[in-house]
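# Remarks on the overall topology
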Amino acid sequence: MAKLILSMDGLVLKEVPLTKERTTIGRRPHNDIVIDNLAVSGEHAVIVTILNDSFLEDLGSTNGTMVNSQPIKKHFLQNNDMVELGKYKLKFVADSARATSANDFEKTMVLRPGMMPKSAPPAPAPAGASPAGFNPTTTQPQSGSGAAAAPAIAPVAPPMAGGPQAVIQILNGPNAGKELALTKALTTLGRPGVQVAVITRRPQGYFITHVEGATFPVVNGKTLTLEAHALNNHDILELSGTKMEFFFK
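Structural notes, computed from the coordinates. (Residues numbered from 1 in each chain as written. Predicted model: local features only at pLDDT ≥ 70, side-chain atom pairs only at ≥ 80, totals over all residues. Heavy atoms only, no water.)

Further remarks concern the nonpolar core. One finds Ile35 and Leu56 to be the most contacted residues of the largest nonpolar core, which totals 21 residues. Among the elements of the structure, β1 (3–8), β5 (45–50), β10 (82–85) and β11 (88–93) are those that each provide at least two residues to this core. With 3 residues, β11 is the largest single contributor of residues to this core. Non-local contacts of Ile35, meaning those with residues more than four positions away in its chain, are made with Leu6, Ile25, Gly26, Arg27, Val40, Leu85 and Tyr88. Grouped together as the second largest cluster of nonpolar side chains are 17 residues, Leu180, Leu182, Ile208 and Leu231 included. (Core = buried A, V, L, I, M, F, W, Y, C linked by side-chain atoms within 4.5 Å. Buried < 20%, exposed > 50% of the residue type's maximum accessible area, 1.4 Å probe, protein only. Helix = DSSP H or I, 4+ residues; strand = E, 2+ residues; numbered from the N terminus. Contact = heavy atoms within 4.5 Å.)

Following this line, the structure appears as structure tokens:
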């Protein structure tokens, strides 16, 4: 389990395990991590944890949030990252399982118009393959750089035991008709820096959660909240102007 180590002037104050999907940080007492200091806003920042991944987001704080001495708005936390809030520091210590979980993640689907060839319609992609017209990159950044790994095709994993295969199909734009089988525990969708959401596979089913961007994903015409939303067969998703259908084969 990942955790935060709160310290000030080199003195460790406490350790906070990231047991919740959303861990709030701020000066007001209702926060999960309360820092009673005027340099910290009432609701300063939040950490969203999905499986083994944790994302830090500044909530429009007065004095901002720093990670490794760099100001951030949203940040994918990596082991030993140092979050700075005024004189206070929060060291992020990743779950040891993260280092071995890379094979349990789907590739990021970056939806970019104009990447499909303009000639004859392409043949249907083989089952489990990454659709043409998508730019897949690994969800796990390279150590120390935060950059995505070189594009690669994810190994095909079997569907959930005892259940049908979940699929996302693009409904509009140049990639219309293309499908992606949700074979991994976590699939990231969207345009980094614009709008990003993740679909996670849990024992109860599939859930979509907003990760990045001022605009939230839309499911069946309804804008999502910060909470994870359970997906049902034939739900229509809209993300970064792209419409997709979630269904089971």
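We now examine the sheet that holds strand β23 (residues 242–248). If you walk across this open sheet you meet the 6 strands as β15-β14-β23-β22-β19-β20, and the pairing is antiparallel. Each edge of the open sheet is held by one strand with a lone partner, namely β15 (179–181) and β20 (222–223). Bridging between strand β14 (residues 166–170) and β23 involves 5 bridges; their strand directions are antiparallel. Residue Gln169 lies in a different strand from β23, and its bridge partner there is Glu245. (Pairing = 2+ DSSP bridges.)

This paragraph deals with the pairing of strand β6 (residues 53–58). Within a regular strand, side chains alternate between the sheet's two faces. Where burial is concerned, most of β6 is hidden: 5 out of the 6 residues are buried. Once β5 ends, the chain turns through 2 residues before running back antiparallel as β6, passing Leu51 with a positive phi of about 55°. Across 3 bridges, β6 lies against strand β9 (residues 74–76) in antiparallel orientation. Residue pairing in the sheet places Leu56 in a bridge with His75 of β9.

A separate point is the environment of Val67. Along the chain, the position of Val67 falls in strand β7 (residues 65–67). Look at Val67 and you get buried, because its relative accessible area is 3%. C-alpha of Val67 to C-alpha of Met82: the two residues are 15 residues apart in sequence and 5.5 Å apart in space.

On to the side chain of Ser240. Mapped onto the fold, Ser240 is located in the loop between β22 (235–239) and β23. Since its relative accessible area comes to 13%, Ser240 is described here as buried. Each residue touching Ser240, except ones within four places of it in the same chain, is listed here: Gly190, Arg191 and Gln195.

With that out of the way, let us pick up the packing of aromatic side chains. Evaluation of the coordinates by the stated rule reveals 4 aromatic pairs. Both rings, one in Phe55 and one in Phe76, keep their centres 5.5 Å apart while their planes meet at 70°; by these two values the pair is edge-to-face. Of the two residues, Phe55 sits in strand β6 while Phe76 sits in strand β9, which places them 21 residues apart along the sequence. A relative accessible area of 18% means that Phe55 is categorised as buried. In this structure Phe76 comes out as buried when scored by relative accessible area, which is 17%. The ring of Phe207 carries the charged tip of Arg202 above its face, separated from the ring centre by 4.6 Å. (Phe/Tyr/Trp six-rings, centres within 6.5 Å; stacked < 30°, edge-to-face > 60°. Lys NZ or Arg CZ within 6 Å of the ring centre and 35° of its normal.)

Before going further, it helps to spend a moment on the pattern of salt bridges. Scanning the entire structure with this criterion turns up 6 salt bridges. For Arg202, the salt bridge goes to Glu21, with nearest N and O atoms at 3.0 Å. Taken together, the residues Arg202 in strand β17 (residues 195–202) and Glu21 in the loop between β2 (11–17) and β3 (22–26) connect sequence positions 181 residues apart. For Glu43, the salt bridge goes to Arg28, with nearest N and O atoms at 3.2 Å. Here Glu43, found in the loop between β4 (33–34) and β5, pairs with Arg28, found in the loop between β3 and β4; they are 15 residues apart in sequence, far enough to count as distant. (Salt bridge = Lys/Arg side-chain N within 4 Å of Asp/Glu carboxyl O.)

We now examine the sheet that holds β6. One open sheet holds the 5 strands; their spatial order is β4-β3-β5-β6-β9, and the pairing between them is mixed. A strand with exactly one partner marks an edge of an open sheet, and here the two such strands are β4 and β9.

On to unusual backbone geometry, then. In this model, Asp9 sits at a positive phi of 55°, which is unusual for a non-glycine residue. Mapped onto the secondary structure, Asp9 falls in the loop between β1 and β2. Within the chain, Ser69 stands out as a residue other than glycine whose phi angle is a positive 70°. Tracing the chain through its elements places Ser69 in the loop between β7 and β8 (70–72).

So yeah, pure geometry; function would need other evidence.
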